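Each chain, letter by letter, is given below.
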Amino acid sequence: MLTPLGRLDKYAASENIFNRQMVARSLLDTLKEVSDDERDCIAVLERISRLADDSEPTVRAELMEQVPHIAMFCQENRPSIPYAFSKYLLPIVVRYLADQNNQVRKTSQAALLVLLEQELIERYDVETKVCPVLIDLTAPDSNDDVKTEAVAIMCKMASMVGKDITERLVLPRFCEMCCDCRMFHVRKVCAANFGDICSVVGQQATEEMLLPRFFQLCSDNVWGVRKACAECFMAVSCATSQEVRRTKLSTLFINLISDPSRWVRQAAFQSLGPFISTFANPSSSGQYFKEEDGKNTEDCGSAQENSEQVRTAEDVTTEDEHNRTEDLSSHVDNDEFAAKLENAMEDQIIVSNNSQRESDFQTESSFHCTLSSESCREMADEDNRSSHCCTAGLREAGLNSQETSLSEQELYNSFHFWRTPLPEIDIDFELQQTSDIILDREIQELTMPVSPNIPMATRKELEEMIENLEPHIDDPDVKAQVEVLSAALRASSLDPQEETMASVGKGIDSQTELTINDQQNFKPILGDIVPLIGDTVENMDSTLHYIHNDSDLSTNSSFSPEEERKSKVQDVVPQALLDQYLSMTDPSRAQTVDTEIAKHCAYSLPGVALTLGRQNWHCLKDTYETLASDMQWKVRRTLAFSIHELAVILGDQLTAGDLVPVFNGFLKDLDEVRIGVLKHLHDFLKLLHLDKRREYLYQLQEFLVTDNSRNWRFRAELAEQLILLLDLYSARDIYDYLRPIAFSLCADKVSSVRWISYKLVSEMVRKLYMASTSTFVIDLMNELVEKFCRCHKWSGRQTFVFICQTISEDDCLPMDQFAVHLLPHLLHLASDRVPNVRVLLAKTLKQTLLEKEYFLNSANSHQEAVEQTIMALQMDDDSDVKYFASIHPASTKIADDAMSTASSTY
């Protein structure tokens, strides 16, 4: 018979690939067999090193899957196998990071992250063996695929290795990779992980080294990079000071919101609420995260709940960003880019304007992102001057449009939207003759790849770029670039108006950015050409006022647009950010940005409200009411789930005046919306005054009626909430209003609902017994006997036994009172004709009542009656009844099999 080592050697040398795979898969078992002998363990590890040189990729991949498990075993047996991992296993993991096979590389990357997470790699090894290899793999002459994956690994391991190693070894190369001129995949990975790096290195390194790179990435000529920046914006903001956040990041974020690409705008609007929440200041919002002298304890408690909400929002955002980051090292980008290439020509041309603000029009392979801060500032100033000219035109256009009375339905016409207008038809809908010149000029600037300051690439330059890229046409990235440049070359000969009409024909594709609808609402689009990096918040305020002037005109307020805007002014966050957030409810946003943009607005609203504070609630009130009446039930559902948190933030008066009407509307909404209110019913009602709270007693009965009778979880949640509501109402209210609902739930068709209802009734008994008036609890117990114990259905009688069992187990009633009011009726069921009832009775008497001190130590008539009933049940005709009446109480518990009995009842 072969020894473990002999068997290992025999199959490791086999020519059969499956045998060698099996050897790799059984290495851990072999190591465990020889763990007592240190020399045999070393011999196995040496054979692992030889197996790592196998020419078959599947064998190497299988070996790498086993490395974390082997490393864990070596760590547990460290005294007998010293330095085994560092000497034998780590070199294999590091070497496989540059393997030619993609599967092997992916497996080694996953293994490395697991080893770092489990802290199986010594700090010295990280510095001397892991980081140098990753830095080499990200060198400029490294393979493109390997470089992208190595950057992703560096970013993911930053949080595991700590600030010191990240700053010394990872950060310099990360800054270089942010400006990789050849591969946009590398820049996209850097952008997606930017927030994680910032959170590790801290505020100083972020502001000194990373922020300049972040500004460049936000102006990248590839929309996927800018989209990744928008998604991680909140994490970057959290790592900066309040001053940098207000003066630099806010203007940069407005630039992303005004991006030509719809996908970038969509990601930016999704991150807008979380970004605003980073401006939260306890002293200005009226919420305190720590208890302080002189502060109301209720406010302090509210602050704790609100801080938990903010942390939850941050966790969700971080999780979303992490999930999105998981796929960044793959080449999904190539497929997505190629699939949308045909309809993305106009978007790519418009995106080129962004890149021309910092450098001449160049291809991906020659893109420069190392502009000095001085040149960036100069270009931004020049573009800013041109933007003010556009703003002046917008101001005149806004005044002219104010004189018209055309509705949005009249402005939108399917004939004009989907078909090329006839030349003799006047397509001027809201502008007068003087504004036509401005409109044509701005549309031409948007559709043609030209910047006010930098001349467009000539046809000859485009041809030279294509010619230089053709030798590398085998590369999918280069092929995509060639196709884009070819499309740009063809488009350069088109008339701007014809190109605009062509984009309308392709408007079905979500990548198409310029449509006739955008021309009709051209003012928001004009913000795309305004470079905001280096601009001031004050300038953005004036610009955005006119950008959103058309939405202000469409409001049904009795105030003028200027007065209405003044009512929404505050000083907590930059006004430009708040204006953009409030515009998320504009119907045009759903068409030009994201169909679910209102849902994202609703999701972030509690965080924004906490940031602004209750003194600035007037800024959000109209937006909240608009969202509460939104046509999409998902939007209303989101608000319903968070209305209790908003009530904590706003306090009693604002809640009673502004939230209660919305809450009442949600109570009559769809079940999908009502469940959000129901899950936090207690949390909301406890914030109301007693008289207002009592008004909802009449509406609780309505929760028993659902759109779908099979929605049993709705009724289960109602029972859970009623248990909590017992503390909010008096004994009379409980008896008059909550008791009928509880009895109805006890007779529910679903056992899970009934089990919670038994708990509800027992707590109701406890609450009524502790009340000053004892008649309520006596009346309740009498009704239990009448309604369930004497029920003509056996299921009702079984329910009575369950309720008695719960009351007794939870000590909801003193045993002497239980023995007087409930025990006689319970013992009467020993003669019930249905065995299921007698089985449950035997369990309750033997395993619950007889363990109570009242029936153990005191000799009384009740104890004697219980013992006589048990003796009678021990002689029952049914074998199950005999069994549960005879066993010792400690041998089994009712909780183990009571549910199965209840589930089998009906």
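Residues numbered from 1 in each chain as written. Predicted model: local features only at pLDDT ≥ 70, side-chain atom pairs only at ≥ 80, totals over all residues. Heavy atoms only, no water.

*Asks:* I'd like to hear about the overall build of the protein, residue by residue, with values.
*Replies:* The secondary structure content of the protein amounts to 53 helices and zero strands. Relative to its 906 residues, the protein shows a buried fraction of 55%. For the protein, long-range pairs separated by at least 24 residues make up 73% of all intrachain contacts whose partners lie at least 6 apart in sequence. A total of about 40400 Å² of accessible surface is found on the protein, and carbon and sulfur atoms cover 50% of it. (Helix = DSSP H or I, 4+ residues; strand = E, 2+ residues; numbered from the N terminus. Buried < 20%, exposed > 50% of the residue type's maximum accessible area, 1.4 Å probe, protein only. Contact = heavy atoms within 4.5 Å. Areas by Shrake-Rupley, 256 points an atom, 1.4 Å probe, with all protein chains shown as cover.)

*Asks:* Any chance you could break down the nonpolar core for me, citing the residues and the numbers?
*Replies:* In this structure, Phe-194, Tyr-581, Leu-685, Phe-800, Phe-818 and Leu-826 are the most contacted members of the largest nonpolar core, which totals 174 residues. By size, the runner-up hydrophobic cluster in this structure holds 55 residues, among which are Leu-31, Leu-51, Ala-52 and Val-104. (Core = buried A, V, L, I, M, F, W, Y, C linked by side-chain atoms within 4.5 Å.)

*Asks:* Summarise the packing of helix H42 (residues 712-725) against helix H43 (residues 731-746); cite the residues concerned and give the values.
*Replies:* Where H42 contacts H43, the axes come no closer than 11 Å and their chain directions differ by 140°. The orientation of H42 relative to H43 falls into the category oblique. Here H42 runs over H43; the crossing is left-handed. Each of Arg-715, Leu-718, Ala-719 and Leu-722 in H42 lies in contact with H43, whose residues at this interface are Leu-738, Ile-741 and Leu-745. (Axes fitted to C-alpha atoms, helices over the stretch in contact; angles between N-to-C directions. Parallel < 35°, antiparallel > 145°, perpendicular 65-115°, else oblique. Left-handed = near helix turned anticlockwise from the far one by under 90°.)

*Asks:* How would you explain the packing of helix H9 (residues 144-161) against helix H11 (residues 184-192) if you had to name every residue and give the values?
*Replies:* Between H9 and H11, the least distance of the axes is 9 Å, while the angle of their chain directions is 10°. Classed by the angle they form, the pair H9 and H11 counts as roughly parallel. Across the interface between the two elements, Lys-147, Thr-148, Val-151 and Ala-152 from H9 touch His-185, Val-186, Val-189 and Cys-190 from H11.

*Asks:* Could you give me a rundown of the packing of aromatic side chains, with the residues and numbers involved?
*Replies:* Evaluated as defined, the whole model comprises 19 aromatic pairs. Seen in terms of ring centroids, Phe-174 and Phe-194 are 5.6 Å apart; in terms of plane orientation they differ by 55°. Their pairing is tilted. Taken together, the residues span a long stretch of sequence, with Phe-174 in helix H10 (residues 163-177) and Phe-194 in helix H12 (residues 194-201) at a distance of 20 residues. You'll find Phe-174 and Phe-194 in the same group, each marked buried. Between Arg-739 and the ring centre of Tyr-735, over which it is positioned, the NZ or CZ distance is 4.3 Å. (Phe/Tyr/Trp six-rings, centres within 6.5 Å; stacked < 30°, edge-to-face > 60°. Lys NZ or Arg CZ within 6 Å of the ring centre and 35° of its normal.)

*Asks:* Describe the environment of Leu-646, and please don't skip the residues or the numbers.
*Replies:* Residue position: Leu-646 is located in helix H38 (residues 633-667). We classify Leu-646 as buried; its relative accessible area is 1%. In this structure, the C-alpha to C-alpha distance between Leu-646 and Leu-605, residues 41 residues apart in sequence, is 8.4 Å. Here Leu-646 is in contact with Leu-605, Pro-606, Ala-609, Trp-617, Tyr-624 and Leu-659, once residues within four sequence places are set aside.

*Asks:* Can you explain the confidence of the model for the protein? Please cite residues and give values.
*Replies:* Residues at a pLDDT of 70 or more form 67% of the protein, whose mean pLDDT is 75. Segment residues 286-457 is flagged for pLDDT under 50; beyond a separation of four residues in sequence, or across chains, it makes 268 contacts in the model. Within the model, pLDDT remains below 50 along residues 890-906, and this stretch shows 30 contacts once partners closer than five positions in the same chain are excluded. (pLDDT = per-residue confidence, 0-100.)

*Asks:* Run through helix H37 (residues 621-628), naming residues and quoting values.
*Replies:* Counting along an α-helix, one turn takes 3.6 residues, and residues three or four places apart therefore face a common direction. Among the residues of H37, Thr-623, Tyr-624, Leu-627 and Ala-628 are the ones counted as buried. Buried residues in H37, looked at end-on, bunch into an arc of 135°, giving them a common side. Looking at the packing, one finds that the buried side of H37 touches helix H34 (575-582), helix H36 (597-612) and H38. (Arc of directions from axis to C-beta.)

*Asks:* A description of the side chain of Asp-733 should follow, citing residues and the corresponding values.
*Replies:* Note on placement: Asp-733 falls in helix H43. A polar side-chain atom of Asp-733 sits 2.9 Å from a polar atom in the side chain of Arg-694. Ignoring any residue separated from it by four or fewer positions in sequence, one finds Asp-733 in contact with Arg-694, Leu-697 and Leu-738. (Polar contact = N/O pair within 3.5 Å; in protein donor to acceptor, adjacent residues only side chain to side chain.)

*Asks:* Describe in detail the pattern of salt bridges, supporting the description with residues and values.
*Replies:* For side chains of opposite charge, pairing can occur when their charged atoms come near one another. Taken as a whole and judged by the stated rule, the model has 34 salt bridges. A salt bridge links Glu-149 to Arg-105, with the nearest nitrogen and oxygen atoms 2.8 Å apart. With Glu-149 in helix H9 and Arg-105 in helix H7 (residues 102-117), the pair connects residues that are 44 residues apart, well separated along the chain. Glu-149 gets classed as buried once you look at its relative accessible area, which sits at 3%. Judged by relative accessible area, which is 6%, Arg-105 ranks as buried. Here Lys-129 ties to Asp-125 by a salt bridge, and the two come within 3.9 Å at their closest N and O atoms. Linking Lys-129 with Asp-125, this pair stays in helix H8 (residues 123-137), spanning four residues, or about one helical turn. (Salt bridge = Lys/Arg side-chain N within 4 Å of Asp/Glu carboxyl O.)

*Asks:* Got a sec to walk through the state of the cysteines? Specific residues and values, please.
*Replies:* The full count for this structure, using the stated rule, is zero disulfides. Considering cysteine sulfurs only, Cys-789 is the nearest to Cys-791, which forms no disulfide, with 9.9 Å between them. The exposure class assigned to Cys-791 is buried, which follows from its relative accessible area of 18%. (Disulfide = S-S within 2.5 Å.)

*Asks:* Hey, could you go over the side chain of Gln-66 for me, with residue numbers and the actual values?
*Replies:* As for its position among the elements, Gln-66 is in helix H5 (residues 57-76). Exposure remark for Gln-66: the relative accessible area of 12% places this residue in the buried category. Residues in contact with Gln-66, not counting those within four places in the same chain, are Ala-24 and Arg-25.

*Asks:* Pulling in residues and values, what's your account of the environment of Val-244?
*Replies:* Following the sequence through the fold, Val-244 ends up in helix H16 (residues 242-257). Val-244 sits in the buried class, given a relative accessible area of 11%. Each C-alpha atom of the pair Val-244 and Leu-211 lies 9.7 Å from the other, and the pair is 33 residues apart in sequence.

*Asks:* Let's hear about unusual backbone geometry: which residues, and what values?
*Replies:* Even without glycine at this site, Glu-119 takes up a positive phi of about 60°. Mapped onto the elements of the fold, Glu-119 is located in the loop between H7 and H8. Taking relative accessible area as the criterion, Glu-119 reaches 67% and is therefore assigned exposed. Of note, Asp-811 is a non-glycine position whose phi angle comes to about 55°, a positive value. Topologically, Asp-811 is positioned in the loop between helix H46 (794-809) and helix H47 (815-821).

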